[in-house]
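Structure assessment
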Amino acid sequence: MSARKSPRPGPRQPGAASLPEQEPGGRGRPDAGNAGWTIFSYLIAGMIAYGLIGWLIGHLTHIPILLPLGAVTGLVVAIVGVIFRYGRA
(Lines give C-alpha, C1' and ligand atoms only; values in the text may rest on other atoms or scores of the structure.)
Protein backbone atom coordinates (compact mmCIF):
# COMPACT_ATOMS: atom_id res chain seq x y z
CA MET A 1 0.00 0.00 0.00
CA SER A 2 1.16 3.42 -0.73
CA ALA A 3 1.00 6.03 1.96
CA ARG A 4 -1.13 9.02 1.13
CA LYS A 5 0.59 12.33 1.32
CA SER A 6 -1.21 15.24 2.84
CA PRO A 7 -2.15 17.80 0.22
CA ARG A 8 0.20 20.72 0.02
CA PRO A 9 -1.25 24.16 -0.38
CA GLY A 10 -1.18 25.15 -4.01
CA PRO A 11 -0.42 28.53 -5.46
CA ARG A 12 -2.64 31.38 -4.35
CA GLN A 13 -5.57 32.19 -6.53
CA PRO A 14 -5.34 35.57 -8.26
CA GLY A 15 -7.47 38.14 -6.51
CA ALA A 16 -7.76 36.09 -3.32
CA ALA A 17 -7.85 38.39 -0.34
CA SER A 18 -5.45 37.67 2.46
CA LEU A 19 -4.26 39.71 5.38
CA PRO A 20 -0.55 40.43 5.59
CA GLU A 21 1.16 38.63 8.41
CA GLN A 22 2.82 40.73 11.09
CA GLU A 23 6.47 39.80 11.45
CA PRO A 24 8.51 40.82 14.46
CA GLY A 25 9.94 44.22 13.69
CA GLY A 26 7.93 44.41 10.48
CA ARG A 27 5.69 47.23 9.40
CA GLY A 28 2.02 46.64 9.90
CA ARG A 29 -0.87 47.95 11.88
CA PRO A 30 -0.01 48.37 15.53
CA ASP A 31 -2.37 46.94 18.11
CA ALA A 32 -5.41 48.97 19.14
CA GLY A 33 -3.75 50.27 22.31
CA ASN A 34 -1.02 52.08 20.42
CA ALA A 35 -2.97 53.15 17.33
CA GLY A 36 -4.18 56.40 18.89
CA TRP A 37 -0.70 57.47 19.89
CA THR A 38 0.66 56.50 16.49
CA ILE A 39 -1.98 58.55 14.67
CA PHE A 40 -1.40 61.50 17.01
CA SER A 41 2.35 61.39 16.40
CA TYR A 42 1.82 61.23 12.62
CA LEU A 43 -0.31 64.38 12.76
CA ILE A 44 2.16 66.28 14.93
CA ALA A 45 5.17 65.12 12.91
CA GLY A 46 3.53 66.16 9.65
CA MET A 47 2.78 69.63 10.98
CA ILE A 48 6.30 70.06 12.35
CA ALA A 49 8.09 68.73 9.27
CA TYR A 50 6.13 70.73 6.72
CA GLY A 51 6.04 73.73 9.05
CA LEU A 52 9.83 73.72 9.23
CA ILE A 53 10.07 73.43 5.47
CA GLY A 54 7.60 76.31 5.11
CA TRP A 55 9.52 78.38 7.67
CA LEU A 56 12.83 77.75 5.89
CA ILE A 57 11.48 78.68 2.47
CA GLY A 58 9.59 81.64 3.95
CA HIS A 59 12.72 82.83 5.76
CA LEU A 60 14.80 82.64 2.59
CA THR A 61 12.19 84.34 0.41
CA HIS A 62 10.88 86.80 3.07
CA ILE A 63 7.33 85.45 2.75
CA PRO A 64 6.19 84.77 6.34
CA ILE A 65 2.85 83.19 5.35
CA LEU A 66 4.67 80.03 4.22
CA LEU A 67 5.09 78.83 7.82
CA PRO A 68 1.35 78.44 8.54
CA LEU A 69 0.73 77.19 4.99
CA GLY A 70 3.41 74.56 5.47
CA ALA A 71 1.95 73.47 8.82
CA VAL A 72 -1.56 73.16 7.37
CA THR A 73 -0.19 71.29 4.35
CA GLY A 74 1.65 68.92 6.68
CA LEU A 75 -1.54 68.31 8.66
CA VAL A 76 -3.49 67.53 5.48
CA VAL A 77 -0.78 65.18 4.20
CA ALA A 78 -0.68 63.42 7.59
CA ILE A 79 -4.47 63.03 7.68
CA VAL A 80 -4.45 61.51 4.18
CA GLY A 81 -1.66 59.15 5.25
CA VAL A 82 -3.58 58.10 8.35
CA ILE A 83 -6.72 57.48 6.30
CA PHE A 84 -4.82 55.31 3.83
CA ARG A 85 -3.05 53.41 6.59
CA TYR A 86 -5.84 52.97 9.15
CA GLY A 87 -9.06 53.92 7.40
CA ARG A 88 -9.32 51.02 4.99
CA ALA A 89 -10.88 47.87 6.40
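Everything that follows concerns the structure shown earlier in this document.
None of these values were measured; they are calculated from a predicted model.

The rules we used
- Residues numbered from 1 in each chain as written.
- Predicted model: local features only at pLDDT ≥ 70, side-chain atom pairs only at ≥ 80, totals over all residues.
- Heavy atoms only, no water.
- Helix = DSSP H or I, 4+ residues; strand = E, 2+ residues; numbered from the N terminus.
- Contact = heavy atoms within 4.5 Å.
- Areas by Shrake-Rupley, 256 points an atom, 1.4 Å probe, with all protein chains shown as cover.
- Polar contact = N/O pair within 3.5 Å; in protein donor to acceptor, adjacent residues only side chain to side chain.
- Expected span 1.5 Å × (residues − 1).
- Buried < 20%, exposed > 50% of the residue type's maximum accessible area, 1.4 Å probe, protein only.
- Arc of directions from axis to C-beta.
- Phe/Tyr/Trp six-rings, centres within 6.5 Å; stacked < 30°, edge-to-face > 60°.

1. Observations concerning the overall build of the protein
- Assigned secondary structure in the protein consists of two helices and zero strands.
- Long-range contacts, defined here as pairs at least 24 residues apart, represent 62% of the contacts in the protein between residues at least 6 apart.
- Accessible surface, the protein as shown: approximately 7900 Å² in total, 68% of it carbon and sulfur.

2. Side note on the side chain of T38
- Residue position: T38 is located in helix α1 (residues 32-61).
- A polar contact of 2.8 Å, which involves the side chain of T38, links it to the backbone oxygen of N34.

3. Let's talk about helix α2 (residues 66-87)
- Counted at 1.5 Å a residue, the expected span for α2 with its 22 residues is 32 Å, and the 30 Å between its end C-alpha atoms agrees.
- Along α2, the residues classified as buried are G70, A71, G74, A78, V82 and Y86. All buried residues of α2 project into a common sector of 105° when viewed along the axis, lining one side. Facing away from the buried side of α2 by over 90 degrees, the exposed positions are V72, F84 and G87.

4. Quick look at the packing of aromatic side chains
- Applying the stated criterion across every chain yields a total of one aromatic pair.
- Consider the rings of W37 and F40, whose centres lie 6.1 Å apart with planes at 85°: the pair is edge-to-face. One end of the pair is W37 and the other is F40, both in helix α1 and three residues apart, which spans about a single turn.
- The class for F40 is partly exposed, based on a relative accessible area of 47%.

5. Topic: unusual backbone geometry
- Here H62, not a glycine, exhibits a phi torsion of approximately 60°, which is positive.
- Examined against the element boundaries, H62 turns out to sit in the loop between α1 and α2.
- H62 gets classed as exposed once you look at its relative accessible area, which sits at 68%.

6. Some thoughts on the environment of L56
- As for its position among the elements, L56 is in helix α1.
- The class of L56 is partly exposed, set by a relative accessible area of 44%.
- With 14 residues separating them in the primary sequence, L56 and G70 have C-alpha atoms 9.9 Å apart.

7. Thoughts on the environment of G70
- Counting through the fold element by element, G70 comes out in helix α2.
- Take G70: its relative accessible area is 9%, and that puts it in the buried class.
- With 21 residues separating them along the chain, G70 and A49 place their C-alpha atoms 8.4 Å apart.
- G70 has contacts with Y50 and G51, leaving out every residue within four places of it along the chain.

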